[in-house]
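Remarks on the overall topology
Here is how the chains run, residue by residue.
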Amino acid sequence: MTKTPVHRLLHPTRLLINLTGLAGSSNTTGDDQKKLDVIGNDIFVSAMRGSGKCRILVSEEEEEVIKFDEHPNARYAVVCDPIDGSSNLDAGVSVGTIFGIFQLPDEILGAGKTVGPEALLLPGTQMVAAGFTMYGASAQLVITMRGGGVQGFTLENSLGEFILTHPNMQLPPKRSIYSVNEGNSSYWDKWCTEYFHSLKFPAEGKPYSARYIGSMVADAYRTLLYGGIFAYPADSKTPKGKLRILYECAPMAMLFENAGGMAVNSRMERLLSVVPESIHDRSGVFLGSKDEVQKVIDTYNKYH
Ligand code: AHG
Ligand code: MN
Ligand code: MN
Ligand code: MN
């Protein structure tokens, strides 16, 4: 009997069941959907439906709000980015899932009552909890409850459990690391260009280090751990910004504020106070160590 050579057995299409690559569709915000975007979304939707606790769900990958009318008394609304950083998936970069949880007012719950997208046009301050998972070399889970601390967990594979490895995460007030897609520099406002220039060519002291992964969960996790600043400014190419308020900006802003950091939009307004005009509305983002965000505000104020 001839033996199948090992390389034939390990051929990617057999092991990865071809999970990489595009799904051949795009979502409401114009992103090309990766196969894992669609699979991640389907898993998240069925998990929320199965929980019996979720009344409505907003997902990056769903144009409309998903209503679980079979659970008329479920009191939570969930917002999610099923796979954040998916453009990097094929390159093996860390991606993750971002989520936020709102508690719905009793008066809109109950049989026969309809709950629409307007129920989620709320500021992030209304969230009761937020968090993200990051699927990297080991899986991380970072979560916070309104007004509570930020707890970091790591999956212990041998137990199949998440272990509390980073209790009460706190950002240092300053750290010379900046994280932004410099490829957009030609689109930035003057104040924004001046701000980043001041980090690279400081009047005194050493220049900042640049770190940009292009996956918000990975850039945010590093900034939570080490400090510094992460930014996706609104600019002339994306006047409203690229990142989505409900399921990227607000959950991250809640985490960073609860970890002692700050999070503002491109008009230096507190990101958690921003009310989305639609469920996929976007915003500019500057978030990170308090003193680093304050430097952005000080530069902005020189021009406004
Ligand atoms: P998503 O993969 O959920 O669509 O999010 C992508 C976002 C975010 O993860 C990241 O910070 C940003 O897009 C990177 O954008 P650029 O590739 O334009 O830098
Ligand atoms: Mn996307
Ligand atoms: Mn995302
Ligand atoms: Mn996504």
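Residues numbered from 1 in each chain as written. Chains lettered and ligands numbered in written order. Predicted model: local features only at pLDDT ≥ 70, side-chain atom pairs only at ≥ 80, totals over all residues. Heavy atoms only, no water.

In the annotation of an unreviewed UniProt entry, the entry for the protein reads Fructose-1,6-bisphosphatase, and the organism field reads Penicillium chermesinum. Per its UniProt entry, the protein bears the Pathway (unreviewed entry) comment "Carbohydrate biosynthesis." As stated in UniProt under Subunit (unreviewed entry), the record for the protein gives "Homotetramer." (UniProt positions renumbered as here; feature names shortened; annotations may be inferred.)

Side note on the confidence of the model for the protein
Mean pLDDT over the protein: 92, with 93% of residues reaching 70 or higher. Complex prediction metrics read pTM 0.92 and ipTM 0.98. (pLDDT = per-residue confidence, 0-100.)

Some remarks on the site of ligand 1
Taken together, 18 residues sit near ligand 1, with D31, D84, G85, Y212 and Y232 positioned nearest. Within the side chain of Y212, a nitrogen or oxygen atom sits 2.6 Å from an oxygen atom of ligand 1. A distance of 2.6 Å is found between an oxygen atom of ligand 1 and a side-chain nitrogen or oxygen belonging to Y232. For ligand 1, the accessible surface in isolation is 470 Å², of which the surrounding protein chains cover 89%. Spatially, ligand 1 is embedded in the largest pocket. (Near = heavy atom within 4 Å. Polar contact = N/O pair within 3.5 Å; in protein donor to acceptor, adjacent residues only side chain to side chain. Areas by Shrake-Rupley, 256 points an atom, 1.4 Å probe, with all protein chains shown as cover. 1 Å grid on protein atoms, 1.4 Å probe; cavity = no way out; pocket = protein on both sides within 12 Å on 5 of 7 lines; lining within 4 Å. Sits in = over half its atoms within 2 Å of the grid points.)

A few points about the environment of S59
Mapping S59 onto the fold places it in strand β3 (residues 54-59). S59 sits in the buried class, given a relative accessible area of 1%. Sequence separation of S59 and V78 is 19 residues, and the distance between their C-alpha atoms is 8.4 Å. Once you skip the residues sitting within four places of it in the chain, S59 turns out to touch N41, C80, P82, Y247 and H280. (Helix = DSSP H or I, 4+ residues; strand = E, 2+ residues; numbered from the N terminus. Buried < 20%, exposed > 50% of the residue type's maximum accessible area, 1.4 Å probe, protein only. Contact = heavy atoms within 4.5 Å.)

Describing the coordination of the manganese ion (ligand 4)
Every protein donor of the manganese ion (ligand 4) is accounted for by E60 (OE), D81 (OD) and I83 (O), and the metal-donor separations fall at 2.0 to 2.3 Å. Ordering the donors of the manganese ion (ligand 4) by residue number gives the pattern E-x20-D-x1-I. Separating the manganese ion (ligand 4) from the manganese ion (ligand 2) is a distance of 3.7 Å, and E60 supplies a donor atom to each of them. Of the two residues, E60 is situated in the loop between β3 and β4 (66-67) and D81 in strand β5 (residues 76-84); the sequence distance between them amounts to 21 residues. Each member of the pair, E60 as well as D81, carries the same accessibility label: buried. (Donors = N, O, S within 2.8 Å, 3.2 Å for Na, K, Ca; no water.)

Re the nonpolar core
Core analysis: the biggest nonpolar cluster contains 47 residues, and F132 and M252 have the highest contact counts within it. At the level of secondary structure, the elements contributing two or more residues to this core comprise β3, β5, β6 (95-103), β7 (127-135), α5 (216-226), β13 (229-232), α6 (245-258) and β17 (285-288). Sort the elements by how many residues they give to this core and α6 lands first, with 10 residues. Every residue in contact with M252, bar those within four places of it in the chain, is listed here: I98, F132, M216, V217, A220 and L287. (Core = buried A, V, L, I, M, F, W, Y, C linked by side-chain atoms within 4.5 Å.)

Thoughts on the side chain of S266
Along the chain, the position of S266 falls in the loop between β15 (262-264) and β16 (282-283). Within the structure, S266 has its side chain in polar contact with the backbone nitrogen of A234 (distance 3.0 Å).

Things to note about the pattern of salt bridges
Under the counting rule described, the total for this entry stands at 13 salt bridges. D69 is the salt-bridge partner of R55, the closest N and O atoms lying 3.0 Å from each other. In this pair, R55 is assigned in strand β3 and D69 in the loop between β4 and β5, connecting sequence segments 14 residues apart. On the basis of relative accessible area, D69 is assigned to the partly exposed category, the value being 49%. In this structure, R222 engages D219 in a salt bridge whose closest nitrogen and oxygen atoms are separated by 3.0 Å. Of the two residues, R222 and D219 are both situated in helix α5; the distance of three residues between them amounts to about one turn of the helix. For the pair formed by R222 and D219, the shared burial category is buried. A single salt-bridge network, built from bridges that share partners, covers E60, R244 and E248. (Salt bridge = Lys/Arg side-chain N within 4 Å of Asp/Glu carboxyl O.)

Side note on the sheet that holds β7
Read across the sheet, eight strands follow the order β4-β3-β5-β6-β7-β8-β9-β10 without closing on themselves; strand pairing throughout is mixed. The open sheet has two edge strands, β4 and β10 (161-166), and neither has a second partner. Across the sheet, α5 is in contact with β5, β6, β7, β8 (139-145) and β10; its angle to β7 comes to roughly 105°. Taken strand by strand, α6 contacts β3, β5, β6, β7, β8 and β9 (150-156), and its axis lies near 100° from that of β7. (Pairing = 2+ DSSP bridges. Axes fitted to C-alpha atoms, helices over the stretch in contact; angles between N-to-C directions.)

Describing α6
Since one α-helical turn is 3.6 residues long, residues separated by three or four positions face the same way. Among the 14 residues in α6, 13 count as buried, and that is most of the element. Note on α6: the residue one or two positions beyond its end, G260, has a positive phi of about 85°.

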